[in-house]
Structures are given as structure tokens and as C-alpha cells.
Amino acid sequence: MKKVDIERAYKAAKEQYAALGVDTDKVIEQMRNIPISLHCWQTDDVGGFEKPGAELGGGGIQVTGNFPGKARTIQEMRQDLEKVFSLLPGKLRLSLHAIYGEFGGKLVDRDQIETKHFQGWIDWAKKKGIGLDFNCTCFSHPYADDGYTLSSRNEKIRKFWVEHVKRCRKIAADMGKQLGIPAVHNIWIPDGSKDTPVDRSTLRKILKKSLDEIFSVKYPKKYLKDSVESKLFGIGSESMVVGSHDFYLGYAVKNNIMITLDNGHFHPTEQVGDKISSILLYVDEILLHLTRGVRWDSDHVLTLNDELLLIAQEIVRAGALNRVNIGLDFFDASLNRIGAYVVGTRSAQIAFMYALLEPLKMLTEFEIKGKNFERLAYLELMKTKPFGAVYDYYCMKSGKPAGEDYIQEIQKYEKDVLLKRK
Ligand code: RNT
Ligand code: ZN
């Protein structure tokens, strides 16, 4: 896109929003300070680097597709992430999973991992000036094969996973300490059952006991922020998931930790956006896993749909941007993976920008006065306002490609780099 065109379109947009009392320059300033944490696992389809050619195994999540060019080493992964970062405006973070350590070609089992295996990532993040987040990996492992990890009735297996998660929290706290930016550690486990269980109660008691053991170790909040992620069902855990929303919401409230809201993990007609203003009354902060659920899959590339917009609107309208940690969680192997990141992250950014561009004061006044027609009319009108012109200008001002310009950059990278990985 041409600079003059972007500027001209922005000027017109700025006037339209100003007429509604919205300052687009201010919105752009706010946008610069909304960190988005990119999930590392779209680079290689959740394979990780514990052993060569590792693949996502079990755990009720699945990657489909065989688009060429997935990252095969940490070097390739960093190269891809650098490309992604170069195409995105705003503050970015990186969320790592425990299977992405530098294990030096040796098999280091999950109950043996240490900060030294992630020192390369910490140094890389420091150089890039970005924050890191971390996730224990309680899937793709023989001890997860029967579908139970932290809620396992087998004490040896349960202890193994408790040790793993304890180590992961330590690694995350070290990341936060070294980088001077708190790291979020998120716990998601696949535990659940395909058919209707008889004794859910015991399983949930075991999970609670494991979490209590894990969280008995305390770290300063300036280094580590803990979160727990619920799920409704997964492949092979259709009838019951031990870590349900009720389970973790109760746990988070009682222990004053965060809850992770992955919007692919609820009944299809349930709105995650609607939950935010309630949950924020009872916990200090939440973590989002923004994604797009499609039928049984919870992990399609994020797009700017009503669900995402409502989540962003509810956060902005509640004045809660500083209490929400925004993370992404999708993985699709059927298209260019760099493209998947850039499309999904831009959609998340545009959703928050759209929410910030709302004439909130005016809409609230309509609501209080019972002027429901006016409220509805303006909400509809906002959908045809030129918010894309504001985003383009924001990209340009951030030195990043505006509009469709990122597409050809990704095509070039595909040709020059990805397709050469054979
Ligand atoms: C799975 C959860 C979880 C994972 C990642 C890889 O359903 O959403 O967050 O996607 O940990
Ligand atoms: Zn998730």
C-alpha cells in the first residue's frame, strides 16, 4: 500500500470517529501497549524437540494437514518466529511449551527438565526485548497414554507429573526473573474419559491434591503468574474432563490464581465474552487462549468473528485490559504456518482495536436512558466504520506492512525458506 493512500484513508477515518467522540490517535497509543503472547506450537504442529521428528501424541488434541515447511529445529523455529514478529505491530510475547527445550540431543525426561534447557530461549527473548510465558506439557508422553496425568490413580504416574509441573513453574519463574517481566505459567492437562465414568469425584479429588502439592511452592508474582485451563471435552475424553470449568474456576478463586479461558473449550452457544465481567470480580487476572472452535475442533486459526469481538469488547468496556493476559492457541498444519500466525494475531489485535474505537460513553448513556433503538443502531453503524484504515495506519506507523502487503512477504518466505526444508 502507498503511504499517501494510508494517510488519506486514516485522515477520513479519524474524522468519522472524532464525530462520535472517539480519538483514533489515542486508540493507536493504547494498541501499542496491549501485549499478545504468541503460542510457539504453531511453528511445528505441537511436535516439540524432545527427540528428532517428535509428533503431537494423544492428549485429546490433534493437528491435521501436511503443508510443507514446518520447523524441524529450534533454529528454524526462531527463524520463523522472527519472520512472524517482523510482520506484526505492537508488543509481543512468546509462550513456550516444556517440549521446546534445548536438550542437546539427549532424552531428558519431563521430570528432569531445568532452566538450563531454556536458557537459550531466555537469552533470545532478552535480545528481542520480549517477555516469555511457559506451559507444562502433560501430553505426548507414555505416562499420558491412558488418559490420566495429574489425576492419575497410579501414584507413580501422578508423582511424575507433579514433579514435571513443579519444575515448569520454577523454569517460568526463572524466565520472569531474568527478563524482568513476569512469566505466565499455564497448566492444561488432557485427563478425562471417553465413556461416562462412575466415579468422577475421586478423580477430581486427586487432581485437587496434585494442584495443592504443585502450588505449595510459592514464587513472587513479579516473576511468575499461575493459571489453570479448563476444557469441556477432547478427542477420547468426550464424556468427562476432570479439569472442567467448574473445577478450575473454583480452584482459581479459592487460591487466587488465574483461570485460562480458551474460547474453544466451551459449549458452542456459550459466550466466553459473557464470563469475563463475572470472573474478574473474583480473581485478580485472567489468561486468554484465543482461538476459533469449529465443530469438534477447538484450535482453528483465529478470525475476526463475533465471538472474538465480544471477548475484546467485554474486556475494554470493563476497563480491564490491564487484568487480562492475552494468549493465542491455535494450530493448523494445512496452510503456511507463518501466515497462520500473522492472520490470527492481526485478527486479535483488530478485535481489541475495534473495541477501543467504540463510542463507549455515548452507548452507555443510551443504555441507562433506555434508548435501546439508538444503542442498537450505533452498534450496527460501528461495523461499517473504517476501522481497517486505522489498523493500516497503525501498522505503517509501527514500521510493519499495512493492509495486504504482508501476504507477499509470506509468499516470498515460503518460496525462499519453507519450501527448501525437505
Ligand atoms: C488444549 C489446550 C492447550 C493446548 C496447548 C498446546 O485443548 O487448549 O492450551 O492447546 O497447551
Ligand atoms: Zn488452550
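Residues take numbers from 1 onward in each chain, read along the sequence in its written order. Key to labels: chains lettered from A, ligands numbered from 1, both in the order written. Per-residue local features are limited, in this predicted model, to residues with pLDDT of at least 70; the limit for side-chain atom pairs, both in listing and counting, is 80 or more; totals at the level of whole chains, interfaces and linings are taken over all residues. Excluded from the side-chain calculation are hydrogens and water; included are all heavy atoms of the structure.

Visitor: What should I look at first to understand the pairing of strand E1 (residues 36-39) in this one?
Guide: In the case of a regular strand, side chains alternate between the two sheet surfaces. Residues of E1 alternate between two faces, with Ile-36 and Leu-38 on one and Ser-37 and His-39 on the opposite face, all of them buried. As paired elements, E1 and strand E2 (residues 92-97) share 4 bridges and run parallel to each other. Within E2, the residue paired with His-39 across the bridge is Ser-95. Should DSSP find at least two bridges between two strands, the strands are regarded as paired. Under the scheme used here, helices are H or I runs from DSSP no shorter than 4 residues and strands are E runs no shorter than 2 residues, and both carry numbers assigned from the N terminus. By the bridge criterion, 2 bridges tie E1 to strand E12 (residues 324-328) in an arrangement that is parallel. Among the inter-strand pairings, Ile-36 is bridged to a residue of E12, identified as Ile-326. Partly exposed describes any residue whose relative accessible area lies between the buried limit of under 20% and the exposed limit of over 50%, with all areas from a 1.4 Å probe on protein chains only and scaled to the type maximum.

Visitor: Just to check I follow, could you spell out the environment of Leu-302 for this structure?
Guide: Structurally, the position occupied by Leu-302 is in the loop between strand E11 (297-300) and helix H9 (306-317). Along the backbone, Leu-302 and Ala-348 are 46 residues apart, and their C-alpha atoms lie at a distance of 7.4 Å. Pairs of residues are marked as contacts when any of their non-hydrogen atoms sit within 4.5 Å. Apart from residues lying up to four places away in sequence, Leu-302 is in contact with Leu-290, Thr-291, Arg-292, Leu-308, Leu-328, Phe-330, Val-343, Gly-344, Ser-347 and Ala-348.

Visitor: I'm lost on helix H14 (residues 405-416) in this one. Help?
Guide: When the terminal C-alpha atoms of H14 are compared, their 17 Å separation across 12 residues agrees well with the 16 Å that a helix rising 1.5 Å per residue should span. For H14, the full list of buried residues reads Tyr-406, Ile-410 and Tyr-413. Looking straight down H14, one finds that the buried residues subtend no more than 60 degrees of arc, so they occupy a single side. Looking at H14, the residues exposed on the side facing more than 90 degrees away from the buried face are Gln-408, Gln-411, Lys-412 and Lys-415. To estimate how far a helix should reach, multiply one less than its number of residues by 1.5 Å. In this context, the arc is that of the directions from the helix axis out to the C-beta atoms.

Visitor: So what exactly am I meant to see when it comes to the packing of helix H8 (residues 272-279) against H9 here?
Guide: If you want to describe how two helices pack, look at the angle between their axes and the distance between the axes. Helix axes use the C-alpha atoms of the stretch in contact, all axes being lines fitted to C-alpha atoms, and the angles between their N-to-C directions lie in the range 0 to 180 degrees. Look at H8 against H9: their axes get within 7 Å of each other, and the N-to-C directions meet at 20 degrees. In terms of orientation, H8 lies roughly parallel with respect to H9. Taken as a pair, H8 and H9 cross one another with a handedness that is right-handed. Here H8 contributes Val-272, Gly-273, Asp-274, Ile-276 and Ser-277 to the contact with H9, which in turn contributes Leu-310, Ile-311, Glu-314 and Ile-315. The residue classification treats Ala, Val, Leu, Ile, Met, Phe, Trp, Tyr, Cys and Pro as nonpolar and Asp, Glu, Lys and Arg as charged. All others, Gly included, are polar. Of the residues belonging to the contact of H8 with H9, the class tally is 5 nonpolar, 2 polar and 2 charged. If an angle is under 35 degrees, it is roughly parallel; if it is over 145, roughly antiparallel; if it lies from 65 to 115, roughly perpendicular; otherwise it is oblique. Take the far helix as your reference; a near helix turned counterclockwise from it by less than a right angle gives a left-handed crossing, and one turned clockwise gives a right-handed crossing.

Visitor: Is there a simple way to explain the site of ligand 1 in this structure?
Guide: One heavy atom within 4 Å of a molecule or strand makes the whole residue count as near it. Around ligand 1 lies a shell formed by Trp-41, Ile-61, His-97, Trp-188, Glu-229, Lys-231, Asp-262, His-265, His-289, Asp-329 and Phe-331. A 3.5 Å cut-off defines polar contacts: any pair of N or O atoms within that distance qualifies, except that in protein one atom must be a possible hydrogen donor and the other a possible acceptor, and neighbouring residues in sequence count only when both atoms are side-chain atoms. Interatomic distance of 2.9 Å between a side-chain N/O atom of His-265 and an oxygen atom of ligand 1. One of the side-chain nitrogen or oxygen atoms of His-289 is found 3.2 Å away from an oxygen atom of ligand 1. Across the complex, the protein chains shield 99% of the 310 Å² of accessible surface that ligand 1 would expose by itself. Among the residues forming the shell around ligand 1, the class breakdown is 4 nonpolar, 3 polar and 4 charged. All accessible areas in this document rest on Shrake-Rupley with a 1.4 Å probe, and a residue is counted as covered only by the protein chains that are shown.

Visitor: What is the right way to look at the packing of aromatic side chains in this model?
Guide: The description of an aromatic ring pair uses the distance of the two centres, along with the angle that the planes make with each other. Aromatic contacts are taken between Phe, Tyr and Trp rings whose centres are within 6.5 Å, Trp giving its six-membered ring; a plane angle under 30 degrees counts as stacked, one over 60 as edge-to-face, and the others as tilted. Throughout the structure, instances matching the rule amount to 14 aromatic pairs. Note on Phe-85 and Trp-124: the rings are 6.3 Å apart at their centroids and 40 degrees apart in plane angle, and the pair reads as tilted. Here the residue Phe-85 occupies a position in helix H3 (residues 74-86), and Trp-124 occupies one in helix H4 (residues 119-128), the gap between them amounting to 39 residues. Here Trp-124 falls in the buried class, since its relative accessible area comes to 6%. Taking the centre distance of 5.0 Å and the plane angle of 90 degrees together, the rings of Tyr-354 and Phe-387 count as edge-to-face. In this pair, Tyr-354 sits in helix H10 (residues 337-356) while Phe-387 sits in helix H13 (residues 387-397), placing the two residues 33 residues apart along the sequence. For Tyr-354, a relative accessible area of 8% translates into the label buried. An aromatic cluster is built from Phe-85, Trp-121 and Trp-124, whose rings are joined through pairwise contacts. Here, over-ring charges are defined by two tests on the NZ atom of lysine or the CZ atom of arginine: distance to the ring centre within 6 Å, and angle to the ring normal within 35 degrees. A cation sits over an aromatic face here: Arg-78 above Trp-121, 4.3 Å from the ring centre.

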